[in-house]
Amino acid sequence: MRLLAIFAHPDDESLFCAGTLAKYAALGHEVYLICATRGEQGQIRHPAIDASLYPKGKALGQLREKELEAACAILGIRPPIFLDYQDSGYPLEVAQANPAGFIHQDLQQIEDTLLEYLALLEPQVVIGFDPQGYYGHADHIHLHRATLGAFWRAGNVMPEPPKRLFFPLRTKERVAQTKFHPHRYGVSANSVAVRVDVRPLADTIRSAVLAHASQAGPEENFAQVLLDWPGILEEETFVLGGLRGAFPAMPVDDLLAGWA
Ligand SMILES: [Zn+2]
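Residues numbered from 1 in each chain as written. Predicted model: local features only at pLDDT ≥ 70, side-chain atom pairs only at ≥ 80, totals over all residues. Heavy atoms only, no water.

Trainee: Just checking my understanding: could you explain the pairing of strand β1 (residues 2–7) for this structure?
Mentor: Side chains on a regular strand alternate between the two faces of the sheet. By the criterion of burial, β1 is predominantly enclosed, with five of the six residues buried. Note that β1 and strand β2 (residues 30–37) share six bridges and pair parallel. Across the sheet, arginine 2 pairs through a bridge with glutamate 30, a residue of β2. For the crossover from β1 across helix α1 (residues 12–26) to β2, the handedness is right-handed. The pairing of β1 with strand β4 (residues 125–127) spans three bridges and is classified as parallel. Following the sheet pairing, leucine 4 is matched in β4 by valine 126. (Buried < 20%, exposed > 50% of the residue type's maximum accessible area, 1.4 Å probe, protein only. Helix = DSSP H or I, 4+ residues; strand = E, 2+ residues; numbered from the N terminus. Pairing = 2+ DSSP bridges. Right-handed = clockwise from strand over helix to strand, strands pointing away.)

Below, the structure written as structure tokens:
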């Protein structure tokens, strides 16, 4: 089977569903990752990295490209495919003031590009952003719209379009443990289609997050990520964003459950 994850920035994959990507790669499936940007507007947080050497823009993007390649190797998935868009920045006011950023790029063109990759890679399962972009990043929300469009339009151009589209999301109970608003960024437990127990992969997830060294920082900063988002080393939850064919009674513990 072929799985394709579509995310916006280096580190999204490791923070939102690293355990699941690693799990399916280890089971022998082909796992691909599209990354829309190189995270050129990220924040260097690692005290051992001289931020002046990697100003926002191309230099930081090149550093983060290498970090994502390392994370993919740790997860055992294919090297990342970059779409060469530019990170808009965060929060929203920053993104809105950056005309070169991803959110200002034409949605239809992005969707067309994703559709080309769907036709090329022929994934049966697609993983992408939910309508709230996991925690509201404008690039995530923009990419959600393009991903959703491409998933449905694939039925027009592919003899075997992808069957399942999943959004990694957290339940409102999990989100309530963070600084984010639970009713905006979380879903009710009965919306969850798949719960993946990632505890056996906790070391892999930790290593993949740490591979984004400039962003995640050394141990103490990673500890902060864990404090901010409790549970990321325990379980990854997904809702169904699109479906062709049948799906078992929810929740299941496998993205491929009941595959026919
Ligand atoms: Zn992101």
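Trainee: Help me understand the coordination of the zinc ion in this model?
Mentor: In ideal tetrahedral geometry, four donors around a metal make angles of 109.5 degrees, whereas ideal octahedral geometry with six donors gives angles of 90 or 180 degrees. The zinc ion binds to the protein through His9 (ND1), Asp12 (OD), Asp12 (OD) and His140 (NE2), with metal-donor distances spanning 2.0 to 2.6 Å. Coordination at the zinc ion is irregular: its four donor atoms span angles of 54 to 132° at the metal. Residue aspartate 12 is classed as buried on the basis of its relative accessible area of 1%. (Donors = N, O, S within 2.8 Å, 3.2 Å for Na, K, Ca; no water. Tetrahedral: all angles 85-135°; square planar, octahedral: opposite > 155°, others 65-115°.)

Trainee: How should I be thinking about the packing of aromatic side chains in this particular structure?
Mentor: Under the criterion given, the structure shown has 15 aromatic pairs. Taken together, Phe7, Phe16, Tyr90, Phe129, Tyr134, Tyr135, Phe180, Tyr185 and Trp229 form an aromatic cluster joined through their ring pairs. Note that arginine 170 overlies the ring of tryptophan 229, its terminal NZ or CZ placed 5.3 Å from the centroid. Sitting over the face of the ring of phenylalanine 151, arginine 244 holds its NZ or CZ atom 4.7 Å from the ring centroid. (Phe/Tyr/Trp six-rings, centres within 6.5 Å; stacked < 30°, edge-to-face > 60°. Lys NZ or Arg CZ within 6 Å of the ring centre and 35° of its normal.)

Trainee: Please clarify how the side chain of threonine 37 should be interpreted in this entry.
Mentor: For threonine 37, the location among the structural elements is in strand β2. Threonine 37 sits in the buried class, given a relative accessible area of 0%. Among the polar contacts made by the side chain of threonine 37, one reaches the main-chain carbonyl oxygen of alanine 8 at a distance of 2.8 Å. Of note is the side chain of threonine 37, whose polar atom sits 3.0 Å from the backbone nitrogen of glycine 39. Among all residues touching threonine 37, those that are not within four sequence positions of it are Ala8, His9, Pro10, Phe82, Tyr85, Gln86, Asp87 and Phe102. (Polar contact = N/O pair within 3.5 Å; in protein donor to acceptor, adjacent residues only side chain to side chain. Contact = heavy atoms within 4.5 Å.)

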